[in-house]
Amino acid sequence: MTIEITMPALSPTMEEGNLAKWLKAVGDKIEPGEVIAEIETDKATMEVEAADEGTLGKIVVDEGTENVKVNSVIAILLEEGEDDSALEGAGPSANGAASADADDTGGKTEAASDERETPAEGKVHPEPKKPEPSSLPEVPEGTEMVQTTVREALRDAMAEEMRNDDRVFVMGEEVAEYQGAYKVTQGLLDEFGARRVVDTPITEHGFAGVGVGAAMAGLRPIVEFMTFNFAMQAIDHIINSAAKTRYMAGGEMGSPVVFRGPNGAAARVAAQHSQDYAAWYSHVPGLKVIQPYSAADAKGLLKAAIRDPNPIVFLENEILYGQSFDVPKMDDFVLPIGKARIHRSGKDVTLVSFGIGMTYAIKAADELAEMGIDAEVIDLRTIRPMDLDTVIESVKKTNRLITIEEGFPQSSVGDYIANQVQRRAFDYLDAPVISIAGKDVPMPYAANLEKLALPNVGEVIEAVKAVTYKD
Amino acid sequence: MKNTAELSLYVPEPSGRPGDEPDFSNVPLQDAGEQRCPDTLTPEIELRDMPYGLVRVLDDDGKAVGPWAPDLSTDHLMRGLDAMVRTRIFDDRMFRANRQGKTSFYMKSTGEEAIGAAQSLCLGERDMCFPTYRILSWLMARDYPMTALGNQIFSNAEDPLKGRQLPVLYSARDYGFYSISGNLGSRLGHAVGWAMASAYRHDDSIALGYVGEGTTAEGNVHEALTFAGVYRAPVILCITNNQWAISSFSGIAGGNRTTFAAKALAYGIPGLRVDGNDFLAIHAATDWARERALGNKGATLIELVTYRAAAHSSSDDPTRYRPKGESEAWPLGDPVERLKQHLIQRGDLTEDGYTDLHEDCEKRVRAAIREAEAVGTLGQSKPSVKAMFEEVFKEPDWRQIEQRRELGY
């Protein structure tokens, strides 16, 4: 069998690049780890390493070729004992890159993303306060938009994936008969039955472990936590079992589980029920952590999470469940994990947030606009792997950065971003980075205290004024 | 109120500590062949006496007696014996290797070799075992390459787990041997989940999970039993009661109040208490539970009554907390000796034949370990730095690649 060498992704945002130079010629012997080519993106030049040994049999993409899509075949490697005749029939088949992962995606490919076009400026979302077209490159021009709540979007994502793939099932407390403590699994029991929508005993630790075992056996469990506050009990399975087993087992065993449920503060539920786990889980190698704000992102990213071969922590928010957003009416709307969305373009200051934190950022940006300050708002969407490139690019333009989140301040997501930005864009900063977080106290119950414990729009505006040196 | 007394805290103590005579009179026993053998589809309600008995097949003369006696071929038994003997030799050599600094850590399964060997030969190729660290004989019975074990223990360049895992925490998916966890009990939940997935797919494979008796105190175990009972998961949950969790005797986990097999009663699943040093009894009980699981009747809990003849690990000295001579006084004998006696009693083996077998096993173990030593022992040959940054996610991740390059690899 010949080995296909594909165009690597050098960053989470990279979709294509230029094949700058071949460092090996047809007929050359290649060792694993040897640099065989150089590729360029608009941001960097990188080296392509061979993963396997063999002889370079064929160069499919010549040097100098621009806009080579990630995962497309760029060369063919002959294994020991093979000659050129092995090349017949090998090569850049349409499903080349995707077929290798067919086992993990239930036969579905993600080739669809190649077909998506960037919609023309201003056509999809005419209202200025809504996400700009550039922020939704995955939606073809002219796609119909449907007002959908986050709750419905999450349900739709699960239902679509369950229709497509029998390996997908949902389990958790009250997910079946009761339709979910927050009605996110509404209608799923009726459509899919008790085999695939499974009410569990009340033990987050118990069903998180069972979910990991089912994933190891080849299923694609969606484990719903009534809230992530209760998942503190399950954190051993999320981290020690789900996140680490592939690595510890020498790559033999993975656990593609989606752990999802509401996260963070709702209203008047006090210290044990109001915690934001974005920073906690983003700390852990082996996990991917997603925290969407809009219904479209919730849908597209949950579908991607269910298909992903790695364990995923998917952080939702009770307050956002009932909010409505435009969701593109598409047969299979899947968004890339690890890619931020520019919610609003601006030139004076960058506001970075995620999940419910976006509500403060967006309101602040509106008020700032009235004061003549043009804020760029970035929704991270995925906390890990984090799309720092998009943040850095924005900071290079605005030279000022504010991060906003509801979690505790020490070792917050914002602190990590601040550190990365000062390392990678120090010379572009005209002011210190300010990270806005919740207060460093357990969440109090009383409404007046709860309000003070969370970030607010005024705080964001004050921070922007400070970094833009305005009164 | 009549029956009151001054309250005082009760802390259980073992029957003996160093300096005392070994005393196992508190271990409930039953003679070989005495325990009844119900049909595998018997309703759980009719099995509630089982956790208090003891399934035994081999009597003191090495004869297989009673209703549990399985019909096993000589070949099958010889394979079991071979695996058990190699496990014991391998353990001894590796323990010595630890004392010579060739590995940082080792754990022996001495005295418990029958468990992994019998169950490994009993379960099907597509079934999955969720092991603890004293189930090495499972791998031996399935002919896992001993050199690979050595490479893992020495953490050298050929380590199949690439220097990522503690010695003896093996992974061998193709041998039906799930990755061992250092977190006690977590794999029992995975075993139930794995089994539920099999039922979900209308498959015909089952799972088998192990915990030690000390771990029965973990929430994991009770959660796993709850799920196994509620969803009738095709799983065999085993508690290897080897009497000691490091220095804590089984009574610290509640073992002097009731049997560990009796934990099954509250979850509505059958509980079997089995002689864990009796290859045939383990085989028969496991066959029984497997047939029941494949009859869609769900889970069985099996307590395997055995004795940890060696130290907990290379970092432990049991002479400091248990009486001398306990191992010899253990009423259920030595599993290797008992299977050997049985084969001799059957006329399938002679003392000389056993000596030959032992020599052959020694030769094979020595050759395999030499091969691993030739690659390198701890620190002499090192796992690849490149691999340190791989398999964090399924697909190569540029962040890991970037870190690797920063280190110059």
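All values reported here derive from a predicted model rather than from experimental measurement.

Participant: Provide a residue-level description of the overall build of chain B, including the pertinent values.
Facilitator: Along chain B, the regular secondary structure elements total 12 helices and 7 strands. For 409 residues, the compact-globule estimate of 2.2 N^0.38 gives 22 Å, and the C-alpha radius of gyration of chain B, at 22 Å, lies within 12% of that figure. Reported as C-alpha extents along the three principal axes, the dimensions of chain B are approximately 75 × 55 × 50 Å. Counting over 409 residues, chain B shows a buried share of 57%. When contacts within chain B are restricted to residue pairs at least 6 apart in sequence, those whose partners lie at least 24 apart make up 76%.

Participant: Could you give me a rundown of a negative patch on the surface, with the residues and numbers involved?
Facilitator: A surface patch of negative charge is lined by Glu31(A), Asp52(A), Glu53(A), Glu79(A) and Glu80(A). Within the secondary structure, Glu79(A) is located in the loop between β8 (73-78) and α1 (96-99).

Participant: Hey, could you go over the domain arrangement of chain B for me, with residue numbers and the actual values?
Facilitator: As far as domains go, chain B holds domain 1 (44-378) and domain 2 (385-409). With centres defined by C-alpha atoms, the gap from domain 1 of chain B to domain 2 of chain B works out at 36 Å.

Participant: How would you summarise the sheet that holds strand β13 (residues 258-262) of chain A if you had to cite specific residues and measurements?
Facilitator: Residue and element names in this part refer to chain A. Pairing is mixed in the open sheet, where 7 strands are placed in the order β11-β10-β12-β13-β15-β14-β20. The open sheet has two edge strands, β11 (197-199) and β20 (382-384), and neither has a second partner. The average angle at which neighbouring strand axes cross in this sheet is 20 degrees, direction not considered. Taken together, the 3 bridges between strand β10 (residues 168-172) and β11 define a ladder with parallel strand orientation. Paired with Val170 across the bridge in β11 is Val197. Seen against the sheet, helix α6 (residues 204-216) touches β10, β12 (220-224) and β13 and runs at an angle of roughly 170 degrees to β12.

Participant: Talk me through the side chain of Ser394(A); I want residue IDs and the actual numbers.
Facilitator: All names here are of chain A. In this fold, Ser394 is placed in helix α13 (residues 388-398). Looking at Ser394, the relative accessible area reads 2%, which means it is buried. A distance of 2.9 Å separates the side chain of Ser394 from the side chain of Glu376, its partner in a polar contact. In this structure, Ser394 is in contact with Thr350, Glu376, Ile378 and Asn399, ignoring residues within four places of it in sequence.

Participant: How would you sum up the UniProt feature "domain: Dehydrogenase E1 component" (unreviewed entry) in chain B? Please name residues and give values.
Facilitator: Using the residue numbers shown here, the UniProt feature "domain: Dehydrogenase E1 component" (unreviewed entry) corresponds to residues 83-376 of chain B. Secondary structure across residues 83-376 of chain B divides into 43% helix and 11% strand, with the first and last C-alpha atoms of the span separated by 25 Å.

Participant: Now, about the pattern of salt bridges: what can you tell me, with residues and values included?
Facilitator: The full count for this structure, using the stated rule, is 57 salt bridges over all chains. Here Lys397(A) makes a salt bridge to Glu376(A), at a shortest N to O gap of 2.6 Å. With a gap of 21 residues between them, Lys397(A) in helix α13 and Glu376(A) in strand β19 (residues 375-379) connect regions that are remote in the sequence. The residue Lys340(B) makes a salt bridge to Glu337(B) at a minimum N-O spacing of 3.4 Å. Here Glu337(B) and Lys340(B) lie together in helix α9 (residues 335-346), a separation of 3 residues that amounts to about one turn. The class for Lys340(B) is buried, based on a relative accessible area of 7%. The class for Glu337(B) is partly exposed, based on a relative accessible area of 35%. What you see here is one network of salt bridges that share partners, running through Glu160(A), Glu161(A), Lys299(A), Lys303(A), Arg307(A) and Asp332(A).

Participant: Could you give an account of the interface of chain A and chain B, naming the residues involved and the relevant values?
Facilitator: On the chain B side, the residues contacting the 56 residues of chain A number 43 residues. With both chains or domains summed, chain A and chain B bury close to 4000 Å², and 56% of this area falls on carbon and sulfur atoms. Where chain A touches chain B, the interface holds 1 salt bridge. Across the pair Glu395(B) and Lys288(A) runs a salt bridge whose closest N-O atoms are separated by 2.9 Å. Run the count over chain A and chain B and you get 20 residue pairs in polar contact (both at pLDDT 80 or more).

Participant: Lay out the packing of helix α1 (residues 74-99) of chain B against helix α10 (residues 351-375) of chain B in plain terms, naming residues and giving numbers.
Facilitator: For any two helices packed against each other, the geometry is given by the interaxial angle and the distance between the axes. Residues and elements named next belong to chain B. Between α1 and α10, the least distance of the axes is 9 Å, while the angle of their chain directions is 50 degrees. By the criterion of interaxial angle, the relationship of α1 to α10 is oblique. In this structure, the crossing between α1 and α10 has a hand that is right-handed. Contacts from Met78, Leu81, Asp82, Val85, Arg86, Ile89, Phe90, Arg93 and Met94 of α1 reach α10 at Tyr354, Leu357, His358, Cys361, Glu362, Arg364, Val365, Arg366 and Ile369. Of the residues belonging to the contact of α1 with α10, the class tally is 11 nonpolar, 1 polar and 6 charged.

Participant: Residues and numbers for the sheet that holds strand β1 (residues 3-6) of chain A, please.
Facilitator: Taken in spatial order, the 4 strands make up an open sheet running β1-β8-β6-β3 (chain A), and their pairing is antiparallel. With partners counted over all chains shown, the strands left at the sheet margins are β1 and β3 (29-30) of chain A, one partner each.

Participant: I'd like a rundown of unusual backbone geometry, residues and numbers included.
Facilitator: All names here are of chain A. The residue after Arg384, namely Pro385, is reached through a cis peptide bond having omega 0 degrees. In this structure, Asn67 takes a positive phi of about 55 degrees despite not being glycine. Mapped onto the elements of the fold, Asn67 is located in strand β7 (residues 65-69). The phi dihedral of Glu174 is positive, around 65 degrees, even though this residue is not glycine.

Participant: Summarise helix α2 (residues 113-122) of chain B; cite the residues concerned and give the values.
Facilitator: The element α2(B) is extensively covered by neighbouring structure, given that 10 of its 10 residues are classed as buried. Where α2(B) is concerned, the buried positions are Glu113(B), Ala114(B), Ile115(B), Gly116(B), Ala117(B), Ala118(B), Gln119(B), Ser120(B), Leu121(B) and Cys122(B).

Participant: If you had to explain helix α4 (residues 146-154) of chain B to someone new, which residues and values would you point to?
Facilitator: Counted residue by residue, α4(B) has 9 buried out of 9 residues, so it is predominantly covered. Along α4(B), the positions that sit buried rather than exposed are Met146(B), Thr147(B), Ala148(B), Leu149(B), Gly150(B), Asn151(B), Gln152(B), Ile153(B) and Phe154(B).

Participant: Explain the packing of α1(B) against α9(B) to me, using residue names and the numbers behind them.
Facilitator: Residue and element names in this part refer to chain B. Look at α1 against α9: their axes get within 10 Å of each other, and the N-to-C directions meet at 150 degrees. The orientation of α1 relative to α9 falls into the category roughly antiparallel. The element α1 and its partner α9 pack so that their crossing is left-handed. Facing Thr74, Leu77, Met78, Gly80, Leu81, Met84, Val85 and Arg88 of α1, the residues of α9 in contact are Pro335, Val336, Leu339, Lys340, His342, Leu343 and Arg346.

Participant: Give a detailed account of the environment of Thr185(A), specifying residues and quantitative values.
Facilitator: Residue and element names in this part refer to chain A. By secondary structure assignment, the location of Thr185 is in the loop between β10 and α5 (188-192). Spatially, the C-alpha atom of Thr185 lies 8.6 Å from that of Val197, the residues being 12 residues apart in sequence. Ignoring any residue separated from it by four or fewer positions in sequence, one finds Thr185 in contact with Arg155, Met158, Val170, Val175, Gln179, Gly180, Glu224 and Arg260. Within polar-contact distance, the side chain of Thr185 engages the backbone oxygen of Val175 at 2.7 Å.

Scoring rules and cut-offs
Residues numbered from 1 in each chain as written. Chains lettered and ligands numbered in written order. Predicted model: local features only at pLDDT ≥ 70, side-chain atom pairs only at ≥ 80, totals over all residues. Heavy atoms only, no water. Helix = DSSP H or I, 4+ residues; strand = E, 2+ residues; numbered from the N terminus. Rg over C-alpha atoms; globule rule 2.2 N^0.38 Å. Buried < 20%, exposed > 50% of the residue type's maximum accessible area, 1.4 Å probe, protein only. Contact = heavy atoms within 4.5 Å. Patch = residues over 30% accessible without salt bridge, like charges linked within 9 Å, V, L, I, M, F, W, Y side chains within 5 Å. Areas by Shrake-Rupley, 256 points an atom, 1.4 Å probe, with all protein chains shown as cover. Salt bridge = Lys/Arg side-chain N within 4 Å of Asp/Glu carboxyl O. Lys, Arg positive; Asp, Glu negative; His and termini not counted. Charge placed at Lys NZ, Arg CZ, Asp CG, Glu CD. Domains from an automatic or database assignment. Pairing = 2+ DSSP bridges. Axes fitted to C-alpha atoms, helices over the stretch in contact; angles between N-to-C directions. Polar contact = N/O pair within 3.5 Å; in protein donor to acceptor, adjacent residues only side chain to side chain. UniProt positions renumbered as here; feature names shortened; annotations may be inferred. Buried area = accessible area lost by both parts, 1.4 Å probe. Parallel < 35°, antiparallel > 145°, perpendicular 65-115°, else oblique. Left-handed = near helix turned anticlockwise from the far one by under 90°. Nonpolar A, V, L, I, M, F, W, Y, C, P; charged D, E, K, R; others polar.

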